[in-house]
Amino acid sequence: MDTSLAHRLRATVATLLHETGESQAGLADAIRVSQAQVSRRQNGAAPWGLDDCDLLAAHFGIDVMDLLAGPSPAFQALQLARAQKGHQNTDG
């Protein structure tokens, strides 16, 4: 099993896309690249860069270190960010 950082990042992005229900095309629009570029990065034909990691983390509302830590930490951070956002919305 591939446990490289690149593989872990692809798995994390896939998990976050699944959890949010977002498509590769939607993510591509959000981080200002083409859907084909997202697809190549997700299938390992091209790498996610450091700047991409900053954009991905900001898009999902999580810390870049959670993004790089893998699917489980990123998923937990996403849930926490959503809960905090929901709490802020109810405070007025």
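Reading guide: rules and limits
- Residues numbered from 1 in each chain as written.
- Predicted model: local features only at pLDDT ≥ 70, side-chain atom pairs only at ≥ 80, totals over all residues.
- Heavy atoms only, no water.
- Buried < 20%, exposed > 50% of the residue type's maximum accessible area, 1.4 Å probe, protein only.
- Helix = DSSP H or I, 4+ residues; strand = E, 2+ residues; numbered from the N terminus.
- Arc of directions from axis to C-beta.
- Contact = heavy atoms within 4.5 Å.
- Core = buried A, V, L, I, M, F, W, Y, C linked by side-chain atoms within 4.5 Å.
- Salt bridge = Lys/Arg side-chain N within 4 Å of Asp/Glu carboxyl O.
- Axes fitted to C-alpha atoms, helices over the stretch in contact; angles between N-to-C directions.
- Parallel < 35°, antiparallel > 145°, perpendicular 65-115°, else oblique.
- Left-handed = near helix turned anticlockwise from the far one by under 90°.
- Nonpolar A, V, L, I, M, F, W, Y, C, P; charged D, E, K, R; others polar.

**As for helix 4 (residues 50-60)**
Link 1 in the chain: Looking only at helix 4, the buried set comprises Asp52, Cys53, Leu56, Ala57 and Phe60. One side of helix 4 holds all its buried residues, which, seen down the axis, span an arc of 130°. Facing away from the buried side of helix 4, by more than 90 degrees, are the exposed residues Asp51 and Ala58.
Link 2 in the chain: With its phi angle positive at about 75°, Gly61 sits one or two positions after the end of helix 4.

**Section: helix 3 (residues 35-42)**
Link 1 in the chain: Taken as a whole, helix 3 has its buried residues at Val38, Arg41 and Gln42. Buried residues in helix 3, looked at end-on, bunch into an arc of 95°, giving them a common side.
Link 2 in the chain: On the buried face of helix 3, the contacting elements are helix 1 (5-20), helix 2 (24-31) and helix 4.

**Regarding the nonpolar core**
Link 1 in the chain: Counting 19 residues, the largest nonpolar core has Leu27, Trp48, Leu56, Ile62 and Leu67 as its most contacted members.
Link 2 in the chain: Contributions of two or more residues to this core are made by helix 1, helix 2, helix 4 and helix 6 (71-91).
Link 3 in the chain: With residues up to four places along the chain from it excluded, the contact list for Leu27 reads Val13, Leu17, Glu22, Val38, Trp48, Leu56, His59 and Phe60.

**Some points on unusual backbone geometry**
Link 1 in the chain: At Arg32, a position not held by glycine, the phi torsion is positive, near 60°.
Link 2 in the chain: Structurally, the position occupied by Arg32 is in the loop between helix 2 and helix 3.

**So, the pattern of salt bridges**
Link 1 in the chain: One pass over the structure, following the stated rule, counts 2 salt bridges.
Link 2 in the chain: The partner of Glu19 in a salt bridge is Arg82, and the shortest N-O contact between them spans 3.0 Å. Of this pair, Glu19 sits in helix 1 while Arg82 is found in helix 6, placing the two residues 63 residues apart along the sequence.
Link 3 in the chain: Taking relative accessible area as the criterion, Arg82 reaches 39% and is therefore assigned partly exposed.
Link 4 in the chain: Residue Arg41 pairs with Asp52 through a salt bridge whose shortest N-O separation is 3.7 Å. Linking Arg41 in helix 3 with Asp52 in helix 4, this pair joins segments that are 11 residues apart in sequence.

**Describing the packing of helix 1 against helix 4**
Link 1 in the chain: At a minimum axis distance of 12 Å, the contact between helix 1 and helix 4 shows a crossing angle of 25°. In terms of orientation, helix 1 and helix 4 fall into the roughly parallel class. You can see that helix 1 and helix 4 cross each other, and the crossing is left-handed. Across the interface between the two elements, Leu9, Val13, Leu16, Leu17 and Thr20 of helix 1 pack against Cys53, Leu56 and Phe60 of helix 4.
Link 2 in the chain: Class assignment of the residues belonging to the contact of helix 1 with helix 4 gives a composition of 7 nonpolar, 1 polar and no charged.

All quantities given are derived from atomic positions and should not be read as evidence of function.
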